Each structure stands twice: as C-alpha cells, then as structure tokens.
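# Analysis of the macromolecular model
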Amino acid sequence: MIIEPKLRFKEFSGSWSRESLGALGTFKGGGTPESQNKKYWNGDIPWISSSDISEDNLHNINISRKISDEAISSSATKLIPKDSILFVSRVGVGKLAINSVELCTSQDFVNFITKKNILFIGYYFLANKKYLTRYSQGTSIKGITSDLISSFKINLPGDNAEQQKIASFLSSVDKKIELLAKKHELLEKYKKGLMQKIFSQEIRFKQDDGSDFPDWESFDLGSISDVYQSKTISQQDLTYEGFDVYGANGIIGKYSKYNHEEAQIAIGCRGTCGKVNFTNPKSWITGNAMVVNVESSKNVIKLFLYQLLKRTNFTYLITGGAQPQITGAIKKHKIELPSKVEQQKIASFLSALDKKIDLTKQQKDKTQTFKKGLFQQIFV
C-alpha cells in the first residue's frame, strides 16, 4: 500500500510508512499530590492539569503550580522529560501539548516519551484529534487509555529530513498565529486604555487650528435622542434567512421584515440588561432592547454616542427580580458630550482603531484556516 500526502515539499518522494505509536516510544501517567499538604506545593517542579493547555496549540502550556520532590515520591505523579507529548486522556480529551521543560502532570494525562521527531508526531495528532475523541470512553467523565493510544497507527515519512521540514513549517505557521493573537490582544488593551482616558477627558482632541474645544456639557439621554422599545416578535417567527433580529444580547436570528432602516444603538433592557449593540442597517430590534435613536437635528454623532454608552454601567437602572429590566427611566441617564466636531474626531479615531483590530483578527482567523487546510493535505 502506497501512502503519500496530497501536499508535499518537492524535494521529497516515496511512500510513507505506517507505525503504531507504541512502537515509537513509551508512556507515563500522572497524578495529583494531596492538595491540603502545603509541603507538596512549595517546590520548584512544574505541575499541570488539563486546564493548563490550550485547544489547537502544541506549544502553549500555562505553568502556574509547582510541587516538591516529596510530592512526587508520595503520589502517582511522575517526572516527564522535556519534548514529550502530553495527551489529555480524561477531562478535555483531544487536547495535547509538547513540554519545553521537565514537568509533572495530573492523572488526566497519558504522556508519550520518544526519541523520534516529537514535533511531527504532535502535529500529526493535532491534525487527527478525531482519533482521540472518537474512542473516548465513560459516561460522566470521558476517558481514553494508554493502551488505546499506544495502538493508534501513524503515517510517517521515511526521511527524517521531511518530518523535520513539515514540523518546522507548521511551527512557523503557529508562531504567526500566536503573534497575531498577541497583537490583537494588545490592540484591545490599547483601545480600552485610550477610551478610559478619552471619556474621562484626561485626553482631549484639538481643533484643526490647534485651539482647544469647548468644555463638555451634561445632558439627559432622552434629551439628545429618541429612546423607545419596539414590538417584540415571537421566537417562532425567527428564520435562518432575512434581516437580522436583535434581542437583549445581540443578534438572535433572522426575520422577513425589518423595523429600522438605519443602524441603531440598542441597549438590552429585559433579561440581559445593559449590553450595548450597534445594529446593522435594515434590522428588526425587539422590545427586549431599548433603541437609542439619534435624530439628525441633534448635535450628536451616533458612533460617538455608541462608544460612550458601550462603556457605561447601567446596573443602577435595573429593576425586577426574576425578570430584570431597564425601564424608560434610562431617558434620565446623564451623559457628558463634547462639541459635535470633537465627537466626530473621537468617533473617527476609535472607528479607525476598531478597523485595525478587526483586520488583525481576520488575519489570525485566515491563518488558522490556512493551517487547517495544511493539516488536511499534509497528513494522511
């Protein structure tokens, strides 16, 4: 039987071989030292549980706990050499990681130790997680045994150089995803910090001639916008096609009609209270959200008001017990507004930053999709 992937580096050829994982290395389990014994948890040996590793990432291990030599000798946990594959075998079956340092694991792991190309094997199982999840056993806690993992067949290039090239290439893709995720996170934090300073007026924009804008003024929300609730439609009327329907928490489905031609600010006012959405044009906003409709005659920029309200805490307006709600009292909510020109500058600045954040997320998602495509074509 000839085994060849759909996608291959041009310098390699020939059939891949098929081996059982157990023939390529050995397995070690894990354990949890007694949690109440402080002597066990004051050492310098890293110890992890299944929650400390991520989905779809071989390299991301969160080491936050450390144990002592005494903890190892007094429990079922074992030292796992670095560059091993840590298979989650119980809670979170399908997750796996490769450790860059010597560590111990909980009993929720089956740990694979080998002298073969550990990165290639790791990526092989990351691409074929179905092998792990398909055979998980148990009812309340899904589990998979070391014997079963040992019996899994893996297809390997005969040339170690090909294994290394595949592993290195996929690692570079993972690094790009990690960098984009970090960039997205930093941009989100940067925006959050800027908004705090902008809306507290610690940072002020200047007019085009360099002069200061007038002081911000206080208004009731109802005095600068039309605040109301629309008609609620039945859950049975929702479809999979048509116009977006907004409830208290955002889009809840589609509907054949729309009750708002333009994009609107909608604040959740029943059940989920206080969440602020900026709706798509031509949408149906239900009575579970309070519409804040900015009239064209008012000196208010809608996107600015949305950004301001999005960071507002409406908790003090929530009434009711079993069914929390925000009533028309929201019209009396006090806000501070700068001049319309300064609003426009702020809104344009934040919108540009939002586009940059969205673009970074799109790039990350696109790279993740690219990685999945590689998995399907490289591993057979």
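Counting of residues starts from 1 at the beginning of each chain's written sequence and follows it residue by residue. Only residues with pLDDT of at least 70 get local features here, since the model is predicted, and only at 80 or more are side-chain atom pairs given and counted; chain-wide, interface and lining totals rely on the full set of residues. Where side-chain values are given, they derive from all heavy atoms of the structure, hydrogens and water being excluded.

What follows deals with the pattern of salt bridges. The salt bridge criterion pairs a side-chain nitrogen of Lys or Arg with a carboxyl oxygen of Asp or Glu, the two atoms within 4 Å. Under the definition given, this model contains 19 salt bridges. Connected through salt bridges with shared partners, the residues Glu4, Arg8 and Glu162 form a single ionic network.

For glutamine 201, which is not a glycine, the phi torsion comes out positive at approximately 65 degrees. For lysine 282, which is not a glycine, the phi torsion comes out positive at approximately 55 degrees. Categorising residues by exposure relies on relative accessible area from a 1.4 Å probe, with only protein chains included: less than 20% of the type maximum marks a residue as buried, more than 50% marks it as exposed, and the intermediate range marks it as partly exposed. By relative accessible area, which is 36% here, lysine 282 ends up partly exposed.

So, on to helix H2 (residues 118-127). Within H2, eight of the ten residues are buried, leaving the element largely enclosed by the surrounding structure. Among the residues making up H2, those that are buried are Ile118, Phe120, Ile121, Gly122, Tyr123, Tyr124, Phe125 and Leu126. Note on conventions: DSSP H or I runs of at least 4 residues are helices, E runs of at least 2 residues are strands, and numbering of each starts at the N terminus.

Next up on the list: the confidence of the model for the protein. Of the residues in the protein, 97% have a pLDDT of 70 or more, and the chain-wide mean is 92. Per-residue confidence from the predictor is reported as pLDDT, a score between 0 and 100. No element of the protein has a lower mean pLDDT than helix H3 (residues 130-134), at 79, and none a higher one than strand S16 (residues 284-285), at 97.

A few words now on the pairing of strand S3 (residues 45-48). Residues Ile45 and Trp47 point to one face of S3 and Pro46 and Ile48 to the other, with burial holding for every one of them. Where S3 and strand S4 (residues 65-67) come together, three bridges link them in antiparallel fashion. Each bridged residue has a counterpart across the sheet, and for isoleucine 45 the counterpart in S4 is isoleucine 67. Note on pairing: two strands pair once DSSP finds at least 2 bridges between them. Relative to strand S7 (residues 104-105), S3 runs parallel, the two being bridged by two bridges. Across the sheet, residue tryptophan 47 finds its bridge partner in S7, namely cysteine 104.

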